[in-house]
Amino acid sequence: MSKDSDTDTGLDKIGIATKQHLSIALTTSSDPLRAIQEFQNDNGIDAVTCKIALPFLDLHGVNRLSLHLSIFESIRERLMQRVTELAAINDADSIQKLETLLDSSFPAIKNKDLRPVIMSVMKHLPKVKDEYLKQILDDKELYSEVAVEVKRQIWVNNQALFGDEVQPLLAQYLKEKEWSLYRHDSPGLTFFSPTPKQRRQKETLTQLLEMIGSNIKLYDMVLQFLRTLFLRSRNTHYCTLRVELLMAIHDLELNAICSKDPCHKFTWCVDACIREKTVNTSRSRELQGFLDSVKKGQEFVLGDLSMVLSDPYSLNTILQSLMKILQSCVNTDSLPRESSELQLLCRMLALGMEAWEMIDSGNFKEPRLEVGFFTKFLPYMVTLMAEDQIRYFSSKIAGDVVTPPNLPPDMYATWISGDPLACLVAMYYTLQCARMKDRLAIIQILPTLIHCENDRAYSDTFLHCLTSYLIHMKDDFQHEDFSTAVLDNFFLPDMARFNILRHLLRLLFHVHHKLPRPRLDAIMEEIVADKELSEVVRPTVEALQEKISNYEPSPIPSPEKMDSPLLSVPAPTPAPHR
């Protein structure tokens, strides 16, 4: 077996003689050979069949150490198998046997040959004694090797230690989200492309679920970490993780946790809407029922509900549904204030927008919606959408002159500069124009977004979606007015911001060849002149420079010469007019 120090392995504490015992026997005996023989008889394998085979094995050159190691490994493997069998029975008697085995073997846990058995016993016990957990916690080597099932029992009473273990996973989760927002190698995939099920299969989330298991206390700790980090950073990706974590636990059917989370049913309904990519009428009724059922004295639940609604995937689905309702108002010649579903969506949006303030202040009340938002701002947005349709159909009529849309009135500017809900509607209207490739509408509306309340138009998720749609409009960058609106009036004024620069670089990766060369050179010169470029951005800038320098326009294909006998056939003479 391994050459651990006898004083560290604890073999003597469980009645196994060690080299120290042999040393004492040799130094106190007058007949060393007899002492060795007695030591072997007392501590060797007490099996008649084994003793009969020893001379035979000696003849074949098999030393005693190899024999004993082989027997030991076989016994250890059988013992661990028996431990698993007892754990599968999971009754009081089998648990008692495992606890007895642990009590008799734990003193030797530092022996690396016996340790796997002890670790296996602890892994299968529902509750390990606190004294054993303390010894494991005090020894870094033991703590690193113990199963996660045992670590959970340690973490329950050590929130700081659990936080240290969880923190790297949370940091990795944010990195993955940032990577999906800024990546420039696949413009066809957007941040919102993966389905909820695909997002829940990420390795970081799987590892976090393994750490929590079915322990409600650890789940509560993670939620507290997410709330705290959300308050510190305002990063809504923590809200996404709060949703994904609960829904992953729902998928695993861990009802012990789901039944304790007051947001479970509401979150499941929102998740279903995200899967279906819309908030339909039946889902609207369910969601409204959940919001209306928050009882007096339990208003704190609104804090977690607001985090669920602050998740970018939730907001995206709600806003897309809202835009469909506004489009329906155009088609049916109705007013937005007449739609109860629209009012619910706005109610949910407002709750999601107030998540940070609500949790930070502890004032758990739904935000009040302004009447003018429904009677003035939304009707104006419907008017814009109607004008877009008229302009589109006019462009299909030969000879009809398409007039550019008028600049938005002061009322519009007042609303988007002071109301977060109006900002979101204006932003998603812009995305709709980009998706429809309405160049004239973008020229008029995009520059106005720089006035959005709290710079919401420069959030990463919006910029990512906008950039994705603009990439598919790359031919329009050949028009001076379009390039001016997108680049000079929207991206470039705030290019010094780290996140805006990264989205601009993603856009340029795919449209640089459509820009006039003087404009492109001026933009790149301004980017490269920034001496404070981070190490994260610099490789992307260098890759873009290389792509621009190596770009070669595709040659214009010349018409192929046709060698056909039909070419020698004279064209038919047109019939005379009668």
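Read on for an overview of the structure.

What counts as what
- Residues numbered from 1 in each chain as written.
- Predicted model: local features only at pLDDT ≥ 70, side-chain atom pairs only at ≥ 80, totals over all residues.
- Heavy atoms only, no water.
- Helix = DSSP H or I, 4+ residues; strand = E, 2+ residues; numbered from the N terminus.
- Contact = heavy atoms within 4.5 Å.
- Areas by Shrake-Rupley, 256 points an atom, 1.4 Å probe, with all protein chains shown as cover.
- Polar contact = N/O pair within 3.5 Å; in protein donor to acceptor, adjacent residues only side chain to side chain.
- Axes fitted to C-alpha atoms, helices over the stretch in contact; angles between N-to-C directions.
- Parallel < 35°, antiparallel > 145°, perpendicular 65-115°, else oblique.
- Left-handed = near helix turned anticlockwise from the far one by under 90°.
- Nonpolar A, V, L, I, M, F, W, Y, C, P; charged D, E, K, R; others polar.
- Patch = residues over 30% accessible without salt bridge, like charges linked within 9 Å, V, L, I, M, F, W, Y side chains within 5 Å.
- Salt bridge = Lys/Arg side-chain N within 4 Å of Asp/Glu carboxyl O.
- Buried < 20%, exposed > 50% of the residue type's maximum accessible area, 1.4 Å probe, protein only.
- 1 Å grid on protein atoms, 1.4 Å probe; cavity = no way out; pocket = protein on both sides within 12 Å on 5 of 7 lines; lining within 4 Å.
- Points joined across faces, edges and corners; volume = space filled by probe spheres on them.
- Phe/Tyr/Trp six-rings, centres within 6.5 Å; stacked < 30°, edge-to-face > 60°.
- Expected span 1.5 Å × (residues − 1).
- Arc of directions from axis to C-beta.
- Disulfide = S-S within 2.5 Å.

**Some words on the overall build of the protein**
The number of helices and strands found in the protein is 31 helices and zero strands. Across the protein, contacts joining residues at least 24 apart in sequence account for 70% of those joining residues at least 6 apart. Of the accessible surface of the protein, which amounts to about 31,900 Å², a share of 54% is contributed by carbon and sulfur atoms.

**Structural notes on the side chain of Arg 152**
Residue placement: Arg 152 occurs in helix α10 (residues 148-155). A polar side-chain atom of Arg 152 sits 2.6 Å from the main-chain carbonyl oxygen of Glu 210. Not counting chain neighbours up to four residues away, the residues in contact with Arg 152 comprise Glu 210, Met 211, Ile 212, Gly 213 and Leu 218.

**Focus: the packing of helix α11 (residues 159-182) against helix α13 (residues 203-212)**
It is the contact of α11 with α13, at a shortest axis distance of 9 Å, that shows an interaxial angle of 160°. Relative to α13, the element α11 is oriented roughly antiparallel. Relative to α13, the crossing made by α11 is left-handed. For the pair α11 and α13, the contacting residues are Phe 162, Glu 165, Val 166, Leu 169, Gln 172, Tyr 173 and Glu 176 in the first and Thr 204, Gln 207, Leu 208 and Met 211 in the second. Within the contact of α11 with α13, the residues separate by chemical class into six nonpolar, three polar and two charged.

**Here's the deal with a nonpolar patch on the surface**
Together, Leu 26, Leu 33 and Ile 36 line one region of the surface with nonpolar side chains, adding up to about 270 Å² of accessible area. If you trace the backbone, Leu 26 turns up in helix α2 (residues 19-28). Judged by relative accessible area, which is 34%, Leu 26 ranks as partly exposed.

**Topic: empty space enclosed by the protein**
If you walk through the whole model with that rule in mind, you get four cavities of 30 Å³ or more. Each pocket or cavity is described by its volume, and for the largest cavity that value is around 60 Å³. Surrounding the largest cavity, Leu 384, Glu 387, Asp 388, Arg 391, Pro 405, Asn 406, Pro 408, Tyr 429, Ala 441, Gln 444 and Ile 445 form its lining. Put simply, the parts of the chain that give the lining of the largest cavity at least two residues each are α23 (371-395) and α26 (439-445). At four residues, the largest contribution of residues to the lining of the largest cavity is made by α23. Here the lining of the largest cavity is built from residues that sort into six nonpolar, two polar and three charged.

**A short note on the packing of α23 against helix α24 (residues 410-418)**
Contact geometry of α23 with α24 gives a least axis separation of 11 Å together with a crossing angle of 120°. By the angle class used here, α23 and α24 are oblique. Two packed elements cross with a definite hand, and for α23 against α24 that hand is left-handed. Contacts between α23 and α24 involve Gly 372, Phe 373, Lys 376, Phe 377, Tyr 380 and Met 381 on the former and, on the latter, Met 411, Tyr 412, Trp 415 and Ile 416. Taken together, the residues of the contact of α23 with α24 break down into eight nonpolar, one polar and one charged.

**Notes on the packing of aromatic side chains**
By the definition in use, this model includes 17 aromatic pairs. Between Phe 106 and Tyr 132, the ring centres sit 4.1 Å apart and the planes meet at 25°, which makes this aromatic pair stacked. One end of the pair, Phe 106, is in the loop between α6 (92-105) and α7 (115-124); the other, Tyr 132, is in helix α8 (residues 130-138), with 26 residues separating them in the sequence. For the residue pair Phe 106 and Tyr 132, the accessibility class agrees, reading buried in each case. Between Phe 191 and Phe 192, the aromatic rings sit 5.2 Å apart at their centres with planes inclined by 80°, giving edge-to-face as the arrangement. One aromatic cluster is present, built from ring pairs that chain together Phe 373, Phe 374, Phe 377, Tyr 380, Tyr 412 and Trp 415.

**Here's the deal with the environment of Ile 249**
Considering the arrangement of structural elements, one finds Ile 249 in helix α15 (residues 237-251). Remark: the alpha-carbon pair of Ile 249 and Leu 209, spanning 40 residues in sequence, is separated by 7.6 Å. Once residues lying within four places of it in the same chain are set aside, the contact partners of Ile 249 are Leu 209, Tyr 219, Leu 254, Ile 257 and Cys 258.

**Examining helix α28 (residues 480-491)**
Taking 1.5 Å per residue as the helical rise, α28 with its 12 residues ought to reach 16 Å, and the 15 Å between its terminal C-alpha atoms agrees with that figure. Every buried residue of α28 is listed here: Phe 482, Ser 483, Ala 485, Val 486, Leu 487, Phe 490 and Phe 491. An end-on view of α28 places all buried positions within 165° of arc, on one side of the element. Where α28 is buried, its residues meet α26, α27 (460-471), α29 (498-511) and α30 (517-528).

**A closer look at the state of the cysteines**
Using the criterion set out here, one finds zero disulfides in the structure. With no disulfide of its own, Cys 423 lies 3.9 Å from the sulfur of Cys 452, the closest cysteine sulfur. Exposure remark for Cys 423: the relative accessible area of 0% places this residue in the buried category.

**Brief notes about α7**
Counted residue by residue, α7 has seven buried out of 10 residues, so it is predominantly covered. Listed in full, the buried residues belonging to α7 are Arg 115, Val 117, Ile 118, Met 119, Ser 120, Val 121 and Met 122.

**Things to note about the pattern of salt bridges**
Applying the stated criterion across every chain, the model contains 34 salt bridges. Arg 227 is the partner of Asp 304 in a salt bridge, and the nearest nitrogen-oxygen pair spans 3.1 Å. Residue Asp 304 is found in helix α19 (residues 301-310), and its partner Arg 227 is found in helix α14 (residues 216-233); the two are separated by 77 residues along the sequence. A residue is classified by how much of its surface remains accessible, and Asp 304, at 11% relative accessible area, is buried. Here Arg 368 ties to Glu 370 by a salt bridge, and the two come within 3.7 Å at their closest N and O atoms. Of the residues examined, Glu 370 reaches a relative accessible area of 39% and is grouped as partly exposed.

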